[in-house]
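One letter stands for each residue in the lines below.
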Amino acid sequence: GESVGLHLPTLSVQEGDNSIINCAYSNSASDYFIWYKQESGKGPQFIIDIRSNMDKRQGQRVTVLLNKTVKHLSLQIAATQPGDSAVYFCAEPASNDYKLSFGAGTTVTVRA
Amino acid sequence: NAGVMQNPRHLVRRRGQEARLRCSPMKGHSHVYWYRQLPEEGLKFMVYLQKENIIDESGMPKERFSAEFPKEGPSILRIQQVVRGDSAAYFCASSPPSGSGNEQFFGPGTRLTVL
């Protein structure tokens, strides 16, 4: 079965509000996670990553939080914009380091 | 610097025909990965290739599917005798020869429709 999974398939958020997308993983030995954004008709685009020696990592308007105790990570998007409308995937490489395993994705829709 | 390029972007085939999907990696990248995405699902790994070598094809069906990455030219994912269940988006990613395979850059995908 899948090693990563998302909690909610869809998220509707008001423009300007913050978005939180959640992801759970099952392998306690997992040490690296990646968030991808996939816009309609396009390939996944790297957003941010985090290693297990960190609890938090910030990028431009995005923050990833990792809770190793409950094997959960989240992606927070500040001041959500219409251009943030997309499907968001959490992914982790398998033990061989290259075989990315993707969750099913959360579709974020931004309301004007 | 052009990103990963895939063609065609859309491909329609009738059952029993062959589908050929092409992928040109980013300049300087020698590692190529193919993934399949069914509607409403995440991407599933199919195969990992380096120039003239298949490194890992564990995610690729044993029958009808094949992949190559020749010394010259793009990587090709070939599906023979397509069936309706092959309808999906096929994404190619590439990574540089050095560094982790985690650094995969994805192309725009080829959307295959089997009638």
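*Asks:* Where do I start with the state of the cysteines in this structure?
*Replies:* Think of a disulfide as a covalent bridge from one cysteine sulfur atom to another cysteine sulfur atom. All names here are of chain A. Taken as a whole and assessed by the stated rule, the structure comprises 2 disulfides over all chains. Each disulfide pairs two cysteine sulfurs, and for Cys23 the partner residue is Cys90, the sulfurs being separated by 1.7 Å. Across the disulfide from Cys23 to Cys90, rotation about the S-S bond amounts to roughly 55 degrees, and the bridge is consequently right-handed. Of this pair, Cys23 sits in strand β3 (residues 19–25) while Cys90 sits in strand β9 (residues 86–93); the two residues are 67 residues apart in sequence, bridging distant segments of the chain. In terms of burial, Cys23 and Cys90 fall into one category: buried.

*Asks:* Could you clarify how one ought to interpret the layout of surface pockets in this entry?
*Replies:* A probe as big as a water molecule, rolled over the atoms, marks out the empty space that is left. In this structure, the largest pocket spans a volume of roughly 440 Å³. Along its surface, the largest pocket is lined by 21 residues, and Gln38 and Val87 of chain A together with Gln37, Pro39 and Glu40 of chain B are the ones closest to its centre. Residues that form the lining of the largest pocket fall into these classes: 8 nonpolar, 8 polar and 5 charged. Of the pockets and cavities examined, the second largest pocket occupies roughly 290 Å³.

Criteria and thresholds
Residues take numbers from 1 onward in each chain, read along the sequence in its written order. Labels are handed out in written order, letters beginning with A for the chains and numbers beginning with 1 for the ligands. Totals for whole chains, interfaces and linings use every residue, but because this is a predicted model, local features are given only for residues with pLDDT of at least 70 and side-chain atom pairs only at 80 or more, for both listing and counting. Excluding hydrogens and water, the side-chain figures rest on all heavy atoms present in the structure. We call a pair of cysteine sulfur atoms a disulfide when they lie within 2.5 Å. Note on conventions: DSSP H or I runs of at least 4 residues are helices, E runs of at least 2 residues are strands, and numbering of each starts at the N terminus. Buried residues are those whose accessible area, probed at 1.4 Å on protein chains only, stays under 20% of the maximum for their type, while exposed residues exceed 50% and partly exposed ones sit between those limits. Cavity means a closed set of points on a 1 Å grid over the protein atoms alone, one where a 1.4 Å probe fits but cannot get out, pocket means an open set with protein on both sides within 12 Å along at least 5 of 7 lines, and lining means a residue has an atom within 4 Å of a point. Grid points are joined across faces, edges and corners, and a volume is the space filled by probe spheres set on the points. Three residue categories are used. Nonpolar comprises Ala, Val, Leu, Ile, Met, Phe, Trp, Tyr, Cys and Pro, charged comprises Asp, Glu, Lys and Arg, and polar comprises the others, including Gly.

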